[in-house]
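In case you want the letters, here they are:
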Amino acid sequence: MWHRTTALCNAESAHYGPAMESNVDYVMGERVPEPATPIEIAPGILWIRLPMPIALDHINLYLLDDGDAWVLIDTGLGDPVSIGTWETLLETKLQGRPIRRIIGTHFHPDHVGLAGWLQNKTGAELWMTQLEWLSARQAYLDVEDASSAQMQRFYHRAGLNETELRAYREMGNDYRSMVTPIPAVYKRVTEATVFEIGGRKWEPIFGSGHSPDHISLYCAEDRVLLGGDMLLPRITPIIAVWWQEPEGDPLAGYLDFLGTLGHIAEDVLVLPAHNRPYRELRTRVKDLADHHVERLDITLDTCAAPATGRDVMKALFTRELDAFQTRFAIGETVAHINNLLHKGALTRDLDEEGRHRYHRV
Ligand SMILES: [Zn+2]
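Quick summary incoming for the structure in this document. Remember, predicted model here, so these are calculated numbers, not experimental data.

### Quick notes on the overall build of the chain
From N to C terminus, the chain includes twelve helices and 16 strands. Over its C-alpha trace the chain gives a radius of gyration of 20 Å, about what one expects of a compact globule, namely 21 Å for 361 residues. If one aligns the C-alpha atoms of the chain with their principal axes, the spans along those axes are about 65 × 45 × 35 Å. Long-range pairs, those at least 24 residues apart, make up 71% of the contacts in the chain with a sequence separation of at least 6.

Shown next as structure tokens:
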């Protein structure tokens, strides 16, 4: 049941929290491609921007020139508008060359929602990490009932009220509604994988926190980084605990990932899955890490007196949240709480109503 909680991961913080934009250098300024008209953002790399019918209103895909074929990075949502745009792209923009490989950075529906549809159309292979492929298949095929007792218990313990819980119960498998069938056959990206595409070598950089085993792809020779959702310039990728793994510490995974990027060239061109291509990765990485440290501090301050997850959420997210935004906000809040629990900086009790109360040590 990842779908109910993770499906629109990329509503991202911009829509329930601070936009958190860094002072980075957008290489194309304000310019963005029209949906069916890719821009060549670097030699042999086409930037496609597909609109999305959700708060985060677009996703960036990249087509890599592989000589007599293309390699596609991510696919877009499995919705009619994206399918219509892809039909135009396939007919008119690919110079008669096939898409031979699709590389999915992670399982979220805006990234692999059309992998099945495109595979049917083109015969392309789908490449993903095993955990991401399994997560996609699991979310697509999941039959867990919306009123799952464990899910209700997680959000009740986090302090959500009955109205907020009801909103969860009423959501169906929204992952399934946003993807075409996830391919049953794939090729696994491992630590040993190096993609050779059009004479360039791309090395995967693995990271968790936003999803279980996300890959970014780095071409050291030409200093280009396909960042997926991990290194967005204007919004922070959601780092959340979901009810299936209530004691998880995804923030530790994400902060670890940010610490693994020291080998990336300082002037690297970052091609993110949302917002616009940029340079100044170091600045962005520092700002992303600082953002979470700041929010850990707010969490600790709020727990000076015993507080519920919902109390901390109200301190972290000061704007009004609808039911949809609340599920991301509470997940992100619990991620910060769990990180502090794991470090021993917070303790936790259950109150008489069965809610967790967190207290600063
Ligand atoms: Zn995502």
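There is more to say, and it comes next.
### Observations regarding the sheet that holds strand β2 (residues 39–42)
What the seven strands build is an open sheet, ordered β2-β3-β4-β5-β6-β7-β8; its pairing is mixed. The sheet is open, and its two borders are formed by β2 and β8 (187–188), each paired with just one other strand. Where strand β6 (residues 99–103) and strand β7 (residues 125–128) come together, three bridges link them in parallel fashion. Looking at the pairing, Ile-103 lines up with Trp-127 of β7. This element, helix α4 (residues 115–122), spans β6 and β7 of the sheet and lies at about 165° to β6.

### Here we look at helix α9 (residues 250–258)
Three or more residues of α9 are buried, namely Pro-250, Leu-251, Gly-253, Tyr-254 and Phe-257. Viewed along the axis of α9, the buried residues span an arc of 160°, placing them on a single side of the element. As for α9, its buried residues are in contact with β10 (200–207), α10 (281–302) and α12 (323–342).

### Examining the nonpolar core
Formed by 91 residues in total, the largest nonpolar core has its most connected members in Tyr-62, Leu-64, Leu-72, Ile-102, Tyr-155, Val-270 and Leu-271. The greatest single-element share of this core, amounting to seven residues, is contributed by α12.

### Focus on the packing of α9 against α10
For any two helices packed against each other, one specifies the inter-axial angle together with the distance between the axes. Between α9 and α10, the least distance of the axes is 10 Å, while the angle of their chain directions is 155°. Between α9 and α10, the interaxial angle falls into the category roughly antiparallel. For the pair α9 and α10, the sense of crossing is left-handed. Residue-level contacts link Leu-251, Leu-255 and Leu-258 of α9 to Val-285, Leu-288, Ala-289 and His-292 of α10. Of the residues in the contact of α9 with α10, the class split is six nonpolar, one polar and no charged.

### Side note on the packing of helix α11 (residues 309–316) against α12
Direction vectors running N to C along α11 and α12 enclose 105°, while the axes themselves pass 9 Å from each other. By the criterion of interaxial angle, the relationship of α11 to α12 is roughly perpendicular. Packed against α11, whose contacting residues are Gly-309, Val-312, Met-313 and Leu-316, the element α12 presents Ala-329, Ile-330, Thr-333, Val-334 and Ile-337 at the interface. A per-class count over the contact of α11 with α12 returns seven nonpolar, two polar and no charged.

### With respect to the pairing of strand β12 (residues 224–228)
Buried residues dominate β12, accounting for five of its five residues. Burial of the side chains of β12 extends over both faces: Val-224, Leu-226 and Gly-228 are buried on one face and Leu-225 and Gly-227 on the other. Of the strand pairs in this sheet, strand β11 (residues 214–219) and β12 are connected by three bridges, and their pairing is antiparallel. Looking at the pairing, Leu-217 lines up with Leu-226 of β12. A loop of four residues connects β11 with β12, the two strands running antiparallel in sequence, and Arg-223 in this loop sits at a positive phi of about 55°. Here β12 runs beside strand β13 (residues 269–272); their pairing, made up of four bridges, is parallel.

### Points about unusual backbone geometry
Positive phi, normally seen in glycine, also occurs at Asp-74, with a value near 65°. Along the chain, Asp-74 turns up in the loop between β5 (70–73) and α2 (80–92).

### Structural notes on the environment of Ser-177
Checked against the element boundaries, Ser-177 lands in helix α8 (residues 174–178). When the 14 C-beta atoms within 10 Å are taken as the criterion, Ser-177 is described as partly exposed.

### Considering the pairing of β13
Residues of β13 alternate between two faces, with Leu-269 and Leu-271 on one and Val-270 and Pro-272 on the opposite face, all of them buried. Between β12 and its parallel partner β13, the chain crosses via α9, and the hand of that crossover is right-handed.

### Quick word on the environment of Asp-57
Summarising the element assignment, Asp-57 is placed in the loop between β3 (45–51) and β4 (58–65). Once the C-alpha coordinates of Asp-57 and Asn-275 are considered, the two residues, 218 residues apart in sequence, prove to be 9.8 Å apart.

### Comments concerning the environment of Val-81
Looking at the secondary structure, you find Val-81 in helix α2. On the basis of neighbour count, Val-81 is assigned to the partly exposed category, with 14 C-beta atoms found within 10 Å. For the pair Val-81 and Gln-119, spaced 38 residues apart in sequence, the C-alpha to C-alpha distance is 18 Å. Ignoring sequence-local partners within four residues, the contact set of Val-81 consists of Pro-51 and Pro-53.

What counts, and at which threshold
Residues numbered from 1 in each chain as written. Predicted model: local features only at pLDDT ≥ 70, side-chain atom pairs only at ≥ 80, totals over all residues. Helix = DSSP H or I, 4+ residues; strand = E, 2+ residues; numbered from the N terminus. Rg over C-alpha atoms; globule rule 2.2 N^0.38 Å. Contact = placed C-beta atoms within 7 Å. Pairing = 2+ DSSP bridges. Axes fitted to C-alpha atoms, helices over the stretch in contact; angles between N-to-C directions. Buried ≥ 20, exposed ≤ 12 C-beta atoms within 10 Å, placed from the backbone. Arc of directions from axis to C-beta. Core = buried A, V, L, I, M, F, W, Y, C linked by C-beta atoms within 7 Å. Parallel < 35°, antiparallel > 145°, perpendicular 65-115°, else oblique. Left-handed = near helix turned anticlockwise from the far one by under 90°. Nonpolar A, V, L, I, M, F, W, Y, C, P; charged D, E, K, R; others polar. Right-handed = clockwise from strand over helix to strand, strands pointing away.

Purely geometric stuff here, so don't read any function into it on its own.
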